[in-house]
Structure formats: structure tokens, C-alpha cells
Amino acid sequence: MIVADGVDGIGGIGGTGGVDGMDGVDGTDVLAPLDPADPAFARDPYPYYARLRGRGPAARVPLANGTYAWLVTGYEEARAVLADPRFSNVPAPDAGRPKAESPARQARACLARHMLNSDAPDHTRLRRLTAAAFTPRRVDALRPRIEELTSGLLADVAERLRRDDSVDLVDAFAFPLPVLVIGEVLGVPEADRADLRDWTYRVGSPADALTPGAVDAAWTSLHAYFTELIARKRRTPGPDLFSALTHDATEGGLDDGELLAMAFLLLFAGYETTMNLLASASLLLLTHPGELAAARRAPARWPAVVEETLRHASPLEGTTWRRTTEEVDLGGGTVIPAGASVLAVLAAASRDPRHFPDPDAFRPERYLAGTGAVGTGAVTGAAAAPGADAVMGAATAPAGAVTAPAGAGAGSATALPGARPGTATSATTPLPNARADAAPPTCPASPRAAPHAAFGHGPHFCVGSRLARLEAAIALPRLFDAFPELRLTVEPEQLPYRPGLLVRGPRHVPVR
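Quick notes on the rules
Residue indices begin from 1 for each chain and proceed along its sequence in written order. Under the rules for a predicted model, residues below a pLDDT of 70 receive no local features and side-chain atom pairs below 80 are neither given nor counted, while totals for whole chains, interfaces and linings still include all residues. Note: side-chain values were computed over all heavy atoms of the structure, leaving out hydrogens and water. For helices, the fitted line uses only the C-alpha atoms of the stretch in contact; every axis is such a line through C-alpha atoms, and the angle between N-to-C directions lies from 0 to 180 degrees. Strands are runs of DSSP state E lasting at least 2 residues, helices are runs of H or I lasting at least 4, and numbering of each runs from the N terminus. Angular relationships are summarised with four words: roughly parallel below 35 degrees, roughly antiparallel beyond 145, roughly perpendicular across 65 to 115, and oblique for the angles in between. Crossing handedness: left-handed means the near helix sits turned counterclockwise from the far one by under a right angle, and right-handed means the same turn made clockwise. Any two residues whose heavy atoms approach within 4.5 Å are treated as being in contact. Salt-bridge detection follows one rule: a side-chain nitrogen of Lys or Arg within 4 Å of a carboxyl oxygen of Asp or Glu. In this description, a nonpolar core means a group of buried Ala, Val, Leu, Ile, Met, Phe, Trp, Tyr and Cys residues linked to one another through side-chain atoms lying within 4.5 Å. Relative accessible area decides the class of each residue, using a 1.4 Å probe on protein chains only: under 20% of the type maximum gives buried, over 50% gives exposed, and in between gives partly exposed. Here a strand pair is declared whenever DSSP counts at least two bridges between the two strands. A pair of aromatic rings is counted whenever rings of Phe, Tyr or Trp (Trp by its six-membered ring) have centres within 6.5 Å, and the orientation is called stacked for planes under 30 degrees apart, edge-to-face for over 60 and tilted otherwise. Placement of a positive charge over a ring is assigned whenever Lys NZ or Arg CZ falls within 6 Å of the ring centre and within 35 degrees of the normal to the ring plane. pLDDT expresses, on a scale from 0 to 100, how confident the predictor is about each individual residue. Polar contact criterion, stated in full: a pair of N or O atoms within 3.5 Å, where within protein one must be able to donate a hydrogen and the other to accept it, and residues adjacent in sequence count only if both atoms are side-chain atoms.

### Looking at the packing of helix 9 (residues 176-186) against helix 17 (residues 465-482)
- With their axes 11 Å apart at the nearest point, helix 9 and helix 17 run at an angle of 130 degrees to one another. As the angle between them shows, helix 9 and helix 17 are arranged oblique. Pair helix 9 / helix 17 crosses with right-handed handedness. When helix 9 is examined against helix 17, the residues Leu 177, Pro 178, Val 181 and Ile 182 are found in contact with a partner set consisting of Leu 467, Glu 471 and Ala 475.

### Things to note about the pattern of salt bridges
- Overall, the coordinates contain 29 salt bridges when judged by the stated rule.
- The shortest N-O distance in the salt bridge between Glu 184 and Arg 145 comes to 2.6 Å. Separated by 39 residues along the polypeptide, Glu 184 in helix 9 and Arg 145 in helix 7 (residues 143-164) bring together distant segments of the chain.
- Across the pair Asp 481 and Arg 296 runs a salt bridge whose closest N-O atoms are separated by 3.3 Å.

### Structural notes on the nonpolar core
- By size, the foremost hydrophobic cluster in this structure holds 120 residues, and its most contacted members are Leu 186, Phe 226 and Leu 486.
- A per-element tally of this core places helix 13 (residues 256-287) first, with 19 residues.
- Core analysis: the next-biggest nonpolar cluster, separate from the first, contains 18 residues, Tyr 46, Leu 63, Leu 71 and Leu 501 among them.

### Observations regarding the sheet that holds strand 3 (residues 87-88)
- Ordered in space as 1-2-8-5-3, the five strands form an open sheet in which the pairing is mixed. In this open sheet, the two edge strands, each paired with only one partner strand, are strand 1 (58-62) and strand 3.
- Two elements, strand 2 (residues 68-72) and strand 8 (residues 341-344), share three bridges in a ladder whose sense is parallel. In the strand pairing of strand 8, Val 72 is matched with Ala 344.

### Notes on the packing of aromatic side chains
- With the rule as written, the count across this model stands at 11 aromatic pairs.
- With a centroid separation of 5.7 Å and 80 degrees between ring planes, the pair formed by Phe 175 and Tyr 271 is classed as edge-to-face. A residue pair is termed long-range when its members are at least 10 positions apart, and Phe 175 in the loop between helix 8 (169-174) and helix 9 and Tyr 271 in helix 13 qualify at 96 residues. For the pair formed by Phe 175 and Tyr 271, the shared burial category is buried.
- One aromatic cluster in this structure is built from Phe 175, Trp 219, Phe 264, Phe 268 and Tyr 271.
- Its end group placed over the ring of Tyr 68, Arg 60 keeps NZ or CZ at 3.9 Å from the ring centre.
- The ring centre of Tyr 46 lies 3.4 Å from the NZ or CZ of Arg 351, which sits over that ring.

### Quick notes on the pairing of strand 1
- Within strand 1, five of the five residues are buried, leaving the element largely enclosed by the surrounding structure.
- Residue alternation in strand 1 divides its side chains into two sets, Ala 58, Arg 60 and Pro 62 and Ala 59 and Val 61, and both sets are buried.
- With five bridges connecting them, strand 1 and strand 2 associate as antiparallel partners. Paired with Val 61 across the two strands is Ala 69, which belongs to strand 2.
- Hairpin connection of strand 1 to strand 2: five residues between the antiparallel strands, including Gly 66 at a positive phi of 95 degrees.

### Here we look at the confidence of the model for the chain
- Looking at the chain as a whole, its pLDDT mean stands at 79, while 75% of the residues score no less than 70.
- In this model residues 1-29 is a low-confidence stretch, pLDDT under 50, and it forms 125 contacts with partners more than four residues away in sequence or in other chains.
- Taken as a whole, residues 421-448 scores under 50 in pLDDT and shows 92 contacts with residues more than four places along the chain or in a different chain.

### Thoughts on the side chain of Asp 84
- Within the secondary structure, Asp 84 sits in the loop between helix 3 (75-82) and strand 3.
- Side chain to side chain, Asp 84 and Arg 86 meet in a polar contact 2.8 Å long.

### So, the side chain of Ser 350
- Note on placement: Ser 350 falls in the loop between helix 16 (346-349) and helix 17.
- Within the local environment of Ser 350, its side chain forms a polar contact with the backbone nitrogen of Ala 453, the two atoms lying 2.8 Å apart.
- In this structure, Ser 350 is in contact with Arg 311, Phe 356, His 452, Ala 453 and Ala 454, ignoring residues within four places of it in sequence.

### A few points about unusual backbone geometry
- Of the consecutive residues Ala 120 and Pro 121, the connecting peptide bond is found in the cis state with omega at 5 degrees.
- With respect to the secondary-structure elements, Pro 121 resides in the loop between helix 4 (103-111) and helix 5 (122-131).
- In this structure, Asp 358 takes a positive phi of about 50 degrees despite not being glycine.
- Note that Asp 358 resides in the loop between helix 16 and helix 17.
- Note on Asp 358: relative accessible area 47%, which makes it partly exposed.

Listed below in C-alpha cells is the structure:
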């Protein structure tokens, strides 16, 4: 969900980025090179992003690999970038590792042909083929099964606590729940899921944060696995999405290479975001006992807890890398040259103080005043760009919903100077493919709270956002109802975080 680990999308998912090799040290930068593999940065990147924001909503940053990239930290500017086709998702031809022609490079190149690394019209076609599996009706129908899986995992957590006196919530709960859910949706055998977690973790991390050869081995293992899985689905199809995609004979269906890439993307994206959401929410509630007590007293607050977690601890730190196809004027004297690497930093955008008062504080109540939709689906004012196939977490605001006032930033992705017509939307634009049955349960939203940027914006708005919200809305209250006395066994500052610039979350949350 990047020349270093990152520019090709997933595999850089946590990569360093920076493919605009034409840039060099010119004496104007005073920032130290950014190293996404640095444990201190991974644990708390927000002071760095605040410093960048002080230089403007976008800044040219030196990277640890010797290149430069543009990081967009402003809320409005990030949304505008994500809706502007001049910022292409198609990687540079020579982007990514390994450099030599090798089995790992071939595997990576094949799996990188997914829709996050494509622009319209290819992206539109690829996304349309997966949309049927993630409609609001299909996602909401998963509720009983998610509840059942949650109960089973909580029983296992209870057993571990009795046996060991402590348990890691990531390994025992935050990871297995979304993996079980997406595994069933996609038809991945349960016995294979631990290996898949290990491989996707490695390709989603900077190579220099792992042992030599670990990333290459993971790419070749993933390619081999999905090749065999698709062959199995062709021989013995089931009611899952992989089977449907494998047997889709309609015009414009997926070729073999696209099938492999789609399988990889949907599995990775299907659990990684939700795992980090559950882990971060658990940690925030354990370190903010007043907020936990308030949610347990008033269950209607849980959707606001989920939304504030998505804003405060965005499980997607940044988007996949984009490349400018021409010079782009971001306004305010910031001009990004053609051919530059650009990363919209979602985590930083959701802490832009111009739109989120006291942005570093965890305050679910910012989504509790008024009458807006911020719950398991609709996002007031967070319209996707025209042409987006936004089928989850993106419904038109219900009648009476309160949108942010002028200047608050909700849905105000003003088109950049020179942008082609139709690349920005207003706060009241109905989203493409919004359905009558897509209206979610509503959670009051503060008139001052802009919709967070955790799931992106525009044509690449996260197709799994509704499923992630649903899983969190079920899992979190049940976890703390079952174990109201949970406590961390270490200080929060000691917890390691996932390295990289794409996904973010604690690697462990040990409790007793």
C-alpha cells in the first residue's frame, strides 16, 4: 500500500521512496536525512511532520538513501494531490529493489501490477472488478461472522491470560481477526495465514530494517504462493472473491499477471490497515482510561473512538508514492517539478492544526457534538473524486448531517492551479456508486472536526474502509467488556512500531 524500498507501491509500502534522482544536495536543505527505518521515528513521527509543516504544506526532504522526495503534510494540499491526475501512481520504470534481473525482481514486478500502481483507465477497470465483493450490503452481512470470530479470539485471549498471565494483543487479537475475516472473503486457507503475514510484513518494511535477503525471499515466496492458490481456485472454485476473479470471463477481466497482483494487494490491504487500527485503538484506550470508561458507559461513543483513532494514529501513515507528470504549483510559492517523487502523508494531514484543534490530543469528543455521519460508513464531506469507485466508507452525507464550516477543511479539496477540470470535489458532492442501503449508523460529528485523511481521498480512496470500521466497531467494545481490567505490562514508550512510511502501528501491545 516505494529507488529504495518503495516506489512501486507495495514493497515499498514501507519504503524510503525518493526516485527523483535529478535532485541533489543544493545547500538549501537544513533537514537531516529522513530514515523511515529509525525506531525512534517509527515510534513517533509527528514532531518531524510538524517541523515539515512549519516549512509549508509540502517540503522537499532529503532521504537516508541519498535521494530527495516531496512530503505533503497539509490537509487540503494532501487531498488535492490525491485527486489530481498530474500525480501519477504508475512507478518509474526502474523503481524498486532488487536491481539485478533476478527471480525476486521478476516476482516483485509481477505483484506490483496492482491497482494502487495504476492510473485511469486501468485503475478504473481493476477497481470495478473487485467492487462487487465490498458493497455496503455485502460488508454489513459479515457482521454475524465477525462477531463469531471475535468471540472465539476473546476466548483464546482469556485462556492465554490464565495460562501465561500476559498476552500480546497484536498477536492474539489485532492480527488474527482481520486475517480471519479477509481470509474468508478471499478464500485463503487458515493454515497459510501465518506465513502470509510474515511475507507481507517483510515486503512492507524498509529492506535495511531487516536481515539481508529477507525482502527478496518474501517476494519470491508470495509469487509462488499466489500462483499455486489461483491454480487451486481454477481447479476447485469456491464462493470466495479469488474464485470469482479467477473465473471471470467478462470482457476486461484480469489476465494472469493481474490476478496475481490483485490477490497480493487484497490480502495485504485486507488485514494490514485493520490490524494497525485495532492495535492503536487498544493502546490509546489503555493509556487514556477516562476515554475507555466513557465509551463503556455510553456505547454510542464507540464509533467516535474509532474515528478519532483513525485520525490520531492513522494506520496508513502515507499513501503509495506518486510521481509528477508535469510541474505542479501547490500554491503559496511551492512548485513541485516534473518527475519528482511525492508522498501524501495521511498521518500528518490528519493532524493539521488548521483543521483539527489540539491535533496531538486523543479526543473522541471532537466527533460527538452535532449530528454528522462519521460511523461505520459515511464520512461527512469526504467525497471521492469524480470517477472514483468508492464503494465503502464513502456515502453521501445523510440528510441533516453537519458538515464542517467554511475554513474547517471538510471536503474542501480545492483544485490545484493548472489541474484538469474535475479533479476536486466539494463537501456536498454525492459519491459515485453510493447506494441507498449504504447509509451507516451515525455518530455525531463536531461541526469543527474535518473528516480525517486515514483512508485517503479521490480515485484511490480505500476500498476496505467500511470493513475496517465494522471490524473495529465490533471488536473494541467486546474486548474491553470481556477484559475491563486490562493493563499494559510495559511503558508505552518502550513499544516498538512498524518501520516505514506507508503503514504504522505498534508491533506489540502486551497486557495482563
